[in-house]
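# Observations on chain architecture
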Amino acid sequence: KPKTKRAKRFLEKREPKLKENTKNAMLIKGGNANLTVTEVLKDIYAVKKPFAVLYKKKNITRPFEDQTSLEFFSKKSDCSLFLFGSHNKKRPNNLIIGRMFDYHVLDMIELGIEKFVSLKDVKNSKCPEGTKPMLIFAGDVFDVNEEYRRLKSLLIDFFRGPSVPSIRLAGLEYVLHFTAVDGKIYMRSYKVLLKKSGCKIPRIELEEMGPSLDLVMRRTHLASDDLYKLSLKQPKALKPKKKKNISHDVFGTTYGRIHMQKQDLGKLQTRKMKGLKKRPAEKSAEDGGGSPKKSKSA
């Protein structure tokens, strides 16, 4: 139990909510990380800011063998995403990207860096800090292979940024492109330039901004189907209520079914014409069957 009001507010922020906070990522350097791995962690930290924590000290840990230190750092910094960088003779220039569920490791995928171009090497203008990127995935393997499908979900989780209610055209200025082909994953980042085109819609050009990475998949640690479904579970308050008699087709058109009472055609109001008027005998028959009144003789 919290002893002070400050500690109480701190614990309330970490409590489960209907709409969770933006996921934070921690970037951890291994015990023997070289210059390439250190530069990669710094550049991804620059892309992820302000929703990231960079640990500058070296941490001697092996995530695939012992995950306790990662779970400890996750609780300490309240981060549900992590990127661990290391380097050794068996696995040079190594990155491990993963995510947590309830402060326990859910998914981990190990990636090897084959080629790296940093932000400093590309002498172009950069996007401001905290820019929400547009994510593009190219390659059929992202939809066919289970490991690549989980990697795609993990990358979306890692780079998506905060959820926003509305988007303005000038804010779409940063693109992260992931291509999977021939067993490799190519990560490229571009800045969107809006040029004059002579009409309302601007002409769009892409300018390489950095960082760019050529990655290859190594080891994987994927959660079981039951645990993965549990992590995707939504509270009942967020689930949309089903509306009766309303359906949607493939194209998004809404169809509604209306229930009406049976219509009595006998009481239908028609056009008033002399030929359609009822005779006195018909009216009396409808009222009660009595004889019609005789008209007074002159």
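Residues numbered from 1 in each chain as written. Predicted model: local features only at pLDDT ≥ 70, side-chain atom pairs only at ≥ 80, totals over all residues. Heavy atoms only, no water.

An unreviewed UniProt entry lists the protein chain under the name Ribosome production factor 2 homolog, with Balearica regulorum gibbericeps as the source organism. Within the UniProt record for the protein chain, the comment given under Sequence similarities (unreviewed entry) is "Belongs to the RPF2 family." Under the UniProt heading Subcellular location (unreviewed entry), the entry covering the protein chain gives this text: "Nucleus, Nucleolus". (UniProt positions renumbered as here; feature names shortened; annotations may be inferred.)

## A word on the nonpolar core
By size, the foremost hydrophobic cluster in this structure holds 35 residues, and its most contacted members are Ile-44, Leu-83, Ile-97, Phe-158, Phe-159 and Leu-213. Broken down by element, the residue count for this core peaks at six residues, all from helix H5 (residues 146–159). The contact partners of Leu-213, leaving out residues within four places of it in the chain, are Val-40, Ile-44, Ile-113, Lys-115, Phe-116, Ile-185, Tyr-186, Met-187 and Arg-188. One finds Tyr-55, Phe-73, Phe-84 and Val-105 within the second-largest nonpolar core, a separate group that totals twelve residues. (Core = buried A, V, L, I, M, F, W, Y, C linked by side-chain atoms within 4.5 Å. Buried < 20%, exposed > 50% of the residue type's maximum accessible area, 1.4 Å probe, protein only. Helix = DSSP H or I, 4+ residues; strand = E, 2+ residues; numbered from the N terminus. Contact = heavy atoms within 4.5 Å.)

## Remarks on unusual backbone geometry
A negative phi angle is the norm for most residues apart from glycine, just as the trans form is the norm for most peptide bonds. Note the cis peptide between Lys-49 and Pro-50, where omega equals 5 degrees. Relative to the elements of secondary structure, Pro-50 occurs in the loop between helix H2 (35–48) and strand S2 (52–59). Backbone geometry places Asn-93, a non-glycine residue, at a positive phi of 45 degrees. Its identity is not glycine, yet Asp-182 carries a phi of approximately 55 degrees, on the positive side. Turning to its location among the elements, Asp-182 is positioned in the loop between strand S7 (174–181) and strand S8 (184–195).

## Some remarks on the pairing of strand S4 (residues 94–101)
Most of S4 is tucked away, with seven of its eight residues classed as buried. Both strand S3 (residues 81–86) and S4 contribute to a ladder of six bridges, which runs antiparallel. Across the sheet, the residue bridging to Leu-81 is Arg-99, located in S4. In this sheet, strand S5 (residues 104–117) lies alongside S4 in antiparallel orientation, the contact comprising eight bridges. Within the sheet, the bridge partner assigned to Arg-99 lies in S5 and is Asp-107. Linkage of S4 to S5, two consecutive antiparallel strands, is achieved through a turn of two residues, within which Asp-102 is found at a positive phi near 60 degrees. (Pairing = 2+ DSSP bridges.)

## Side note on the pattern of salt bridges
Taken as a whole and assessed by the stated rule, the structure comprises 14 salt bridges. Ionic pairing is found between Arg-91 and Glu-110, a salt bridge with its closest N-O pair at 3.4 Å. With Arg-91 in the loop between S3 and S4 and Glu-110 in strand S5, the pair connects residues that are 19 residues apart, well separated along the chain. By relative accessible area, Glu-110 is classed as buried at 0%. The partner of Arg-188 in a salt bridge is Asp-214, and the shortest N-O contact between them spans 2.8 Å. (Salt bridge = Lys/Arg side-chain N within 4 Å of Asp/Glu carboxyl O.)

## Here's the deal with a nonpolar patch on the surface
Taken together, the side chains of Val-164, Ile-167, Leu-169, Leu-172, Leu-194, Ile-204 and Leu-206 make up a nonpolar region of the molecular surface, amounting to roughly 660 Å² of accessible area. Summarising the element assignment, Leu-194 is placed in strand S8. (Patch = residues over 30% accessible without salt bridge, like charges linked within 9 Å, V, L, I, M, F, W, Y side chains within 5 Å. Areas by Shrake-Rupley, 256 points an atom, 1.4 Å probe, with all protein chains shown as cover.)

## Details of the side chain of Thr-131
Looking at the secondary structure, you find Thr-131 in the loop between S5 and strand S6 (134–138). Owing to a relative accessible area of 13%, Thr-131 belongs among the buried residues under this scheme. Here Pro-128 takes part through its backbone oxygen, which lies 2.6 Å from a polar atom of the side chain of Thr-131. In this structure, Thr-131 is in contact with Gly-171, Glu-173 and Tyr-174, ignoring residues within four places of it in sequence. (Polar contact = N/O pair within 3.5 Å; in protein donor to acceptor, adjacent residues only side chain to side chain.)

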